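The residues making up each chain are set out below.
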Amino acid sequence: MSATEQVLNYPIPNDAALDPPAEWARLREECPVAHVKLPSGDGARLITRYEDVKAVLADPRFTRRLTAPDAARLSADGGGAFSSDITKVIPDGGEGHQHWRRLVGRWFTAKRMAGLRPSMTRIADDLIDDMVERGAPADLRASLGFPLPVYVICDMLGVPAEDRDRFSYWSDTFLNLTRYTKEEIDAAQAEFFQYMSGHVAAKREQPGDDLLSELLAAGGPEQGGLSDLQILVTGMGLLVAGHETTANMIGKMVAMLLADRSRWERLLDDPSLIRTTVEESLRMDANAGIGLPRYLPVEAEVGGEVLPKGTTVICSMAAANRDERVFANASEMDMTRSPNPHLAFGSGAHSCLGQALARTELQVVLEVLLRRLPSLELAVPVEELERVEGLAVGGLRTLPVRW
């Protein structure tokens, strides 16, 4: 059967924690708009070329209306990732979405992130103190990768960080593909909603120096602000987005650098490469999860193929980031690569709002680890690293290290 006729199971099964599935290169060459079957059993189209992914993400015809009746469901029961009714509260396109981004985006500027750097560094130092005290080997994901972004996003939202274990579970149910039942997802999302509505009410009574308080102070829709429900859902969305992806990326980035320890040595010799190394780690991430789904309410062409109305398209930014047409020696990690126009944060009007935050956290983690634990190394062979399965985001189950 030719590549164009084959229907692949998606996500494409892959045992290697850090390397891409072999199919990516074949699909980019032979079948850039592939037929795939999602965990739900529904069909979708997968795009893997850089030019096509970038075009779809910038094209307003490809919408985020994943709750449309004929949109493909990602998970078997329709619950979990991207499909919650809660998410409909935020406009998913047009001027309404841009207005929401402007209001929330003030908290995610590069300037504000630079102001957060000292506190991020302090948190990372404290977490490493605790890890060193407990002794090697340690799980870098649990000791540093997960708690750092949680503390930071909790601080920005004015939410108590001691509730982080609950956030982690609630977040995982939002990102579910195959791990949780519909009952578990519904119960978790109801708890999360209740928790956040209590938190927003408390912020209205006693505002603080945090994003939710600022959104409340801007007034309701009549004053050009957001409704209480929109603020509540914004808080939920940022808690999920603000910790899960970055927590996973910290682990994957450090694993990539330690898998070939000459990379780590090079950073020790020349810490000025930290910024470009973070960008190249984002580009090289082969375990990025499902990608970005889009729904097509009209007919449209992509990659030379006309897609009918009602098609669900999955954009694989990770596959696009290894496209040789755009990146010379795309399968090689080049820690000096610049410019590096990778699509790890998406593209266009819906590119990741928190990318300055994620970049800053990743840079701070490297700065602190190189300073504190120059002898850091993997405590298991790279072949033994295991992927997280069943969620819409990719990550490592654990990252065992010693120093």
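Residues numbered from 1 in each chain as written. Predicted model: local features only at pLDDT ≥ 70, side-chain atom pairs only at ≥ 80, totals over all residues. Heavy atoms only, no water.

(A) Molecular detail of the packing of helix 6 (residues 147–157) against helix 14 (residues 355–372). Relative to each other, helix 6 and helix 14 sit at 135°, their axes nearing to 11 Å. One way to sum up the angle between helix 6 and helix 14 is to call them oblique. Viewed along their axes, helix 6 and helix 14 form a crossing whose handedness is right-handed. Listed contacts from helix 14 to Leu148, Pro149, Val152, Ile153 and Met156 of helix 6 are Leu357, Glu361 and Val365. Tallied by class, the residues present in the contact of helix 6 with helix 14 amount to 7 nonpolar, no polar and 1 charged. (Axes fitted to C-alpha atoms, helices over the stretch in contact; angles between N-to-C directions. Helix = DSSP H or I, 4+ residues; strand = E, 2+ residues; numbered from the N terminus. Parallel < 35°, antiparallel > 145°, perpendicular 65-115°, else oblique. Left-handed = near helix turned anticlockwise from the far one by under 90°. Contact = heavy atoms within 4.5 Å. Nonpolar A, V, L, I, M, F, W, Y, C, P; charged D, E, K, R; others polar.)

(B) Up close: the confidence of the model for the chain. With 96% of its residues at a pLDDT of at least 70, the chain reaches an overall mean of 91. Of the regions scoring below 50 in pLDDT, residues 79–83 engages in 23 contacts with residues more than four places distant in sequence or in other chains. (pLDDT = per-residue confidence, 0-100.)

(C) Quick look at unusual backbone geometry. Residue Pro11 is reached from Tyr10 by a cis peptide bond, and omega for that bond is 0°. Here the residue pair Ala136 and Pro137 is connected by a cis peptide bond, since its omega of -5° sits within 30 degrees of zero. Take Pro137: it is sitting in the loop between helix 4 (110–134) and strand 4 (138–139). One non-glycine residue with positive phi stands out, namely Asn329, at about 50°.

(D) Seen up close, the sheet that holds strand 1 (residues 7–9). Taken in spatial order, the 5 strands line up as 1-2-3-8-5 in an open sheet, and their pairing is mixed. The sheet is open, and its two edges are formed by strand 1 and strand 5 (292–295), each paired on a single side. Taken pair by pair, the neighbouring strands of this sheet meet at an average axis angle of 40°, ignoring direction. Here strand 1 runs beside strand 2 (residues 33–37); their pairing, made up of 3 bridges, is parallel. Looking at strand 2, one finds that Leu8 is bridged to Val36. (Pairing = 2+ DSSP bridges.)

(E) Summary view of the packing of helix 10 (residues 228–259) against helix 14. Direction vectors running N to C along helix 10 and helix 14 enclose 45°, while the axes themselves pass 10 Å from each other. Between helix 10 and helix 14, the angle is such that the two are oblique. The hand of the helix 10/helix 14 crossing is right-handed. From helix 10, Thr246, Met249, Ile250, Met253, Val254 and Leu257 reach across to helix 14, where they touch Ala358, Glu361, Leu362, Val365, Leu366 and Leu369. Its residues assigned to classes, the contact of helix 10 with helix 14 comprises 10 nonpolar, 1 polar and 1 charged.

(F) Spotlight on the packing of aromatic side chains. For the coordinates displayed, the defined rule picks out 6 aromatic pairs. Here Tyr169 and Tyr180 contribute two aromatic rings whose centre-to-centre distance is 5.5 Å and whose plane-to-plane angle is 85°, an arrangement assigned as edge-to-face. Taken together, the residues Tyr169 in helix 7 (residues 164–174) and Tyr180 in the loop between helix 7 and helix 8 (182–205) connect sequence positions 11 residues apart. Their ring planes at 20° and their centres at 5.0 Å tell us that Trp170 and Phe192 sit as a pair that is stacked. One end of the pair, Trp170, is in helix 7; the other, Phe192, is in helix 8, with 22 residues separating them in the sequence. Among the residues examined, Trp170 registers a relative accessible area of 2% and is labelled buried. Looking at Phe192, the relative accessible area reads 1%, which means it is buried. Here the aromatic residues Phe167, Trp170, Phe192 and Tyr195 are joined through ring pairs into a cluster of three or more. (Phe/Tyr/Trp six-rings, centres within 6.5 Å; stacked < 30°, edge-to-face > 60°. Buried < 20%, exposed > 50% of the residue type's maximum accessible area, 1.4 Å probe, protein only.)

(G) Representation of the nonpolar core. Counting 111 residues, the largest nonpolar core has Phe108, Met156, Leu211, Leu366, Leu369 and Leu399 as its most contacted members. Of all the elements, helix 10 adds the most residues to this core, at 16 residues. Other than its neighbours up to four places away in sequence, Met156 contacts Trp107, Phe108, Met113, Leu116, Asp210, Leu211 and Leu357. (Core = buried A, V, L, I, M, F, W, Y, C linked by side-chain atoms within 4.5 Å.)

(H) Structural context of the sheet that holds strand 10 (residues 400–402). Taken in spatial order, the 3 strands line up as 4-10-9 in an open sheet, and their pairing is antiparallel. Two strands lie at the open edges of the sheet, namely strand 4 and strand 9 (377–378), each paired on one side alone.

(I) Structural view of helix 7. Among all positions in helix 7, only Phe167, Ser168, Trp170, Ser171, Asp172, Thr173 and Phe174 are buried. Contacts made by the buried residues of helix 7 are with helix 6, helix 8 and helix 10.

(J) Region of interest: the pairing of strand 3 (residues 43–47). Judged by how many residues are buried, strand 3 sits mostly within the fold: 4 of 5 residues are covered. Of the strand pairs in this sheet, strand 2 and strand 3 are connected by 5 bridges, and their pairing is antiparallel. The residue bridging Lys37 from the neighbouring strand is Gly43, located in strand 3. Once strand 2 ends, the chain turns through 5 residues before running back antiparallel as strand 3, passing Gly41 with a positive phi of about 95°.

(K) Region of interest: the pairing of strand 8 (residues 312–315). Neither face of strand 8 is open: one carries Thr312 and Ile314, the other Val313 and Cys315, and all of them are buried. Two strands pair when backbone bridges link them, and strand 3 and strand 8 are joined in this way by 3 bridges, in the parallel orientation. By the bridge assignment, Ile47 is partnered in strand 8 with Cys315. The sheet contact formed by strand 5 and strand 8 spans 4 bridges and is antiparallel. Residue pairing in the sheet places Leu292 in a bridge with Cys315 of strand 8.

(L) Structural view of the environment of Ala161. With respect to the helices, strands and loops of the structure, Ala161 is situated in the loop between helix 6 and helix 7. Remark: the alpha-carbon pair of Ala161 and Tyr151, spanning 10 residues in sequence, is separated by 5.7 Å. Beyond its immediate stretch of four places on either side in the chain, Ala161 contacts Tyr151 and Cys154.

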